[in-house]
Amino acid sequence: MYDASSFGQDYNEQFFETGGLNRLRSFIDTNKKSLTKLNSNERLGSPIARPSKIVCIGLNYEDHARETNATPPSEPVIFLKSTTALCGPNDNIIIPKNSVKTDWEVELAVVMEKKASYVSEKEAMNYIAGYCLHNDISEREFQLERSGTWDKGKGCDTFAPLGPWLITKDEIENVNDLRLWLKVNGQIMQDGNTKNFIFKISFLISYISYFMTLLPGDIISTGTPAGVGLGMKPPQYLKESDIVELGIDGLGTSRQKLINYS
């Protein structure tokens, strides 16, 4: 890992929309010998700066839909996660004030490179910058028992650990065949594969772009497989000092410790 701060630009909307990935690649090729190596224990933030929005897809794996007693959807379920939830891949997760049902969800996140509005499914993959590992932390009481939309239980601070890396799309041979897994205190809870998507990434981008314009740097989180705490009998939720570890083939791993709001 190298310190690329001398590149002079954060990885934000402007970076992506102005060919930032190619410019960064050229910068690295030219300056790699003079860049400072980072220590392996250096704290990593989110691999992208705060996006205009984090768009999430609910119930995009049939096994997850059924474990939560939901009918697999005929169209994608869309909700938004607040951008203030974004944090680094190994940062602590804060259990919200008065929360008793904080849950985990390993997900593949797509990062947009270009502005997308009314994009065809055929062209959709051309709008992608790359992919990230994402833990879509959820507070189930806030989400399901407090009336209104799911957003209440999805956007709390630290509820979107992203990374460790943004992996550019050319580095992933088949994004629709990646293993994703999650452990709580060393015990495997989720072990799925993106080949089991109900709605593939190209369809999701096209579909979402019909309802809202996706901007460079925006995130689409593509859903979680079975094995969440809500689906267990009885349900099992995260508590103080729990350790969550998760990973996706080719996208690295992350680790979060749970701490109480107080």
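Heads up: the structure comes first, above all this text.
This one's a predicted model, so the numbers in the text were calculated from it and none came from an experiment.

A. Inspection of the pairing of strand E14 (residues 243–248) at higher detail. With five of six residues buried, E14 lies mostly within the body of the structure. In terms of strand pairing, strand E11 (residues 179–184) meets E14 through five bridges, oriented antiparallel. Opposite Leu 182, over in E14, you have Leu 246 as the bridge partner. Where E14 meets strand E15 (residues 252–260), six bridges bridge the pair, whose relative direction is antiparallel. Within the sheet, the bridge partner assigned to Ile 248 lies in E15 and is Gly 252. In textbook terms, the turn of a hairpin is the stretch between consecutive antiparallel strands, and for E14 and E15 this stretch comprises three residues, one of which, Gly 250, has a positive phi near 80 degrees.

B. Structural detail: the sheet that holds strand E2 (residues 77–81). Across the sheet, which stays open at both edges, the six strands sit in the order E2-E1-E13-E6-E7-E10 with mixed pairing between neighbours. Where the open sheet ends on each side, the last strands, each with one partner, are E2 and strand E10 (167–168). Pairing geometry for strand E1 (residues 54–58) and E2, over five bridges, is antiparallel. Looking at E2, one finds that Val 55 is bridged to Leu 80. Strands E1, E2, strand E6 (106–112), strand E7 (128–135) and strand E13 (219–221) of the sheet are contacted by helix H5 (residues 201–211), whose axis makes an angle of about 60 degrees with E6.

C. Focus on the packing of aromatic side chains. This model, assessed by the stated rule, comprises eleven aromatic pairs. Ring geometry for Phe 7 and Phe 27: centres 5.4 Å apart, planes at 65 degrees, overall edge-to-face. Taken together, the residues span a long stretch of sequence, with Phe 7 in the segment before helix H1 (13–17) and Phe 27 in helix H2 (residues 20–31) at a distance of 20 residues. Among the residues examined, Phe 7 registers a relative accessible area of 15% and is labelled buried. Classification of Phe 27 as buried rests on a relative accessible area of 15%. An aromatic cluster is present here, built from Tyr 118, Phe 199, Phe 203, Tyr 207, Tyr 210 and Phe 211 joined pairwise through their rings. The ring of Tyr 127 has Lys 114 lying over it, and the distance from NZ or CZ to the ring centre is 4.7 Å. Lying over the aromatic face of Trp 181, Lys 183 brings its terminal NZ or CZ to 5.6 Å of the ring centre.

Cut-offs applied
- Residues numbered from 1 in each chain as written.
- Predicted model: local features only at pLDDT ≥ 70, side-chain atom pairs only at ≥ 80, totals over all residues.
- Heavy atoms only, no water.
- Buried < 20%, exposed > 50% of the residue type's maximum accessible area, 1.4 Å probe, protein only.
- Helix = DSSP H or I, 4+ residues; strand = E, 2+ residues; numbered from the N terminus.
- Pairing = 2+ DSSP bridges.
- Contact = heavy atoms within 4.5 Å.
- Axes fitted to C-alpha atoms, helices over the stretch in contact; angles between N-to-C directions.
- Phe/Tyr/Trp six-rings, centres within 6.5 Å; stacked < 30°, edge-to-face > 60°.
- Lys NZ or Arg CZ within 6 Å of the ring centre and 35° of its normal.

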